[in-house]
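Okay, here's what each chain looks like letter by letter:
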Amino acid sequence: MLAPAFDAAFQSQLDALFRWRRDVRHFQPTKLPPGLLDTLLQAADLAPSVGLSQPWRFVLVRDAARRAAIRANFTTANAQALATQANDRAATYARLKLAGLDQAPCHLAVFAEPDPRQGHGLGRATMPETTAYSAAMAIHTLWLAARAHGLGLGWVSILDPTSIATTLDIPAHWAFIGYLCLGYPATAEQQPELEREGWEHRTPAESRLLHR
């Protein structure tokens, strides 16, 4: 079987997809069409993983009480984060919308199985943390697939991970990677929100390249 040849038009569209991927915090309440979430998770399952272990575990959170517990977790963690900000950054931090938990129709918690049988331990003897890296790759794959279908994804990291397993009733040894909000964006913005709000700005790629 011959590998597909990706022409210039496809490469241009792929570049646009990369540029339009956003960490979305403002969502429409519109539900996802039937079957679309399954399609996106199948795409995420194509992500690279150490030893082909596929250690990612997705938890679809629908229960209102569990969502409320996650929301309370975020509120506490966010208040603690605000309290640690320097005086010249606190006001900017306070006005940032850092989660779409109340609006996003779809909530996904992502975990990594630290020691999966699948993969037979290949590649993990010296770097066991690669299971978490693999789960992050699955999130990124999901993120791009979602954007290609007109959806936005927001990664909520301002959470205390210690109670997440209890809240969601999952195996305690799973490593919490992130909590995702998924849905249709309320607006289309080419510039990242953190740039628009003056929190941070992108720097050139060459500033992070070392030559040895």
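Scroll up to find the structure.
Residues numbered from 1 in each chain as written. Predicted model: local features only at pLDDT ≥ 70, side-chain atom pairs only at ≥ 80, totals over all residues. Heavy atoms only, no water.

K.L.:
I'm lost on the overall build of the chain in this one. Help?
P.N.:
Within the chain, the regular secondary structure consists of 7 helices and 4 strands. When the helices and strands of the chain are listed from N to C terminus, the series reads α-α-β-α-α-β-α-β-α-β-α. For a compact globule of 212 residues, the expected C-alpha radius of gyration is about 17 Å, and the chain comes in at 19 Å, within 12% of that figure. If one aligns the C-alpha atoms of the chain with their principal axes, the spans along those axes are about 55 × 50 × 45 Å. Sequence separation of at least 24 residues holds for 83% of the intrachain contacts in the chain that already meet a minimum separation of 6. Accessible surface for the chain amounts to roughly 12800 Å². Of this, 57% is attributable to carbon and sulfur atoms. Here the chain holds 20 positive side-chain charges and 19 negative ones, and the gap between their average locations is 2 Å. (Helix = DSSP H or I, 4+ residues; strand = E, 2+ residues; numbered from the N terminus. Rg over C-alpha atoms; globule rule 2.2 N^0.38 Å. Contact = heavy atoms within 4.5 Å. Areas by Shrake-Rupley, 256 points an atom, 1.4 Å probe, with all protein chains shown as cover. Lys, Arg positive; Asp, Glu negative; His and termini not counted. Charge placed at Lys NZ, Arg CZ, Asp CG, Glu CD.)

K.L.:
Looking at this structure, how should I read the environment of Met 137?
P.N.:
Within the fold, Met 137 resides in helix H5 (residues 130-148). Using a relative accessible area of 38% as the deciding quantity, one classes Met 137 as partly exposed. A C-alpha to C-alpha distance of 25 Å links Met 137 and Ala 77, two positions 60 residues apart in sequence. For Met 137, the residues in contact, after removing those within four places along its chain, are Ala 47 and Pro 48. (Buried < 20%, exposed > 50% of the residue type's maximum accessible area, 1.4 Å probe, protein only.)

K.L.:
Sorry if this is basic, but what is going on with H5 here?
P.N.:
An α-helical turn contains 3.6 residues, so a residue and the one three or four places further along point in the same direction. Along its 19 residues, H5 runs 27 Å from first to last C-alpha, staying within 8% of the 27 Å computed at 1.5 Å per residue. Listed as buried for H5 are Thr 130, Thr 131, Ser 134, Ala 135, Ala 138, Ile 139, Leu 142, Trp 143, Leu 144, Ala 145 and Ala 146. Just downstream of H5, Gly 150 is the residue with a positive phi angle, here 85 degrees. (Expected span 1.5 Å × (residues − 1).)

K.L.:
What should I look at first to understand unusual backbone geometry in this one?
P.N.:
With the exception of glycine, most residues fall at negative phi, and the peptide bonds are largely trans. In this structure, Gln 54 is a non-glycine residue whose phi angle is positive, near 45 degrees. Inspection of the secondary structure assignment puts Gln 54 in the loop between helix H2 (36-44) and strand E1 (56-60). Its relative accessible area of 23% is what places Gln 54 among the partly exposed residues. Residues other than glycine seldom take positive phi values, yet Asp 169 does so here, at roughly 55 degrees.

K.L.:
Explanation requested: the nonpolar core in the structure shown.
P.N.:
As a rule of thumb, soluble globular proteins bury nonpolar side chains together. Among the nonpolar cores identified, the biggest contains 25 residues, and Phe 74, Leu 101, Phe 111, Val 156 and Tyr 179 are the most heavily contacted of them. Contributing elements (two or more residues each) for this core: helix H3 (64-83), strand E2 (106-112), helix H6 (164-168) and strand E4 (175-183). Setting aside its immediate chain neighbours within four residues, Phe 111 contacts Pro 55, Trp 56, Arg 57, Val 59, Ala 135, Ile 164, Leu 168, Ile 170, Trp 174, Ala 175, Phe 176 and Ile 177. The next biggest cluster of nonpolar side chains, apart from the first, holds 24 residues, and it includes Leu 36, Ala 138, Ala 145 and Leu 182. (Core = buried A, V, L, I, M, F, W, Y, C linked by side-chain atoms within 4.5 Å.)

K.L.:
What exactly am I supposed to notice about the pairing of strand E3 (residues 152-156) here?
P.N.:
The two faces of a sheet get side chains in turn, since along a regular strand they alternate between them. Burial runs high along E3: 4 of the 5 residues are buried. Here 5 bridges tie E3 to E4, and the two strands are oriented antiparallel to one another. Bridged to Trp 155 within E4 is Leu 180. (Pairing = 2+ DSSP bridges.)

K.L.:
What am I meant to see in the packing of aromatic side chains here?
P.N.:
Aromatic rings in a pair are described by how distant their centres are and how their planes are angled relative to each other. Counted according to the given criterion, the structure contains 5 aromatic pairs. Between Tyr 93 and Trp 199, the ring centres sit 6.0 Å apart and the planes meet at 65 degrees, which makes this aromatic pair edge-to-face. In this pair, Tyr 93 sits in helix H4 (residues 87-95) while Trp 199 sits in the segment after helix H7 (193-196), placing the two residues 106 residues apart along the sequence. Residue Tyr 93 is classed as buried on the basis of its relative accessible area, which comes to 8%. Here the aromatic cluster, defined as three or more aromatic residues joined through ring pairs, consists of Phe 111, Trp 174 and Phe 176. The cationic tip of Arg 89 hangs over the ring face of Trp 199; the distance from NZ or CZ to the ring centre is 4.1 Å. (Phe/Tyr/Trp six-rings, centres within 6.5 Å; stacked < 30°, edge-to-face > 60°. Lys NZ or Arg CZ within 6 Å of the ring centre and 35° of its normal.)

Keep in mind that these numbers describe shape and distance, not what the molecule does.
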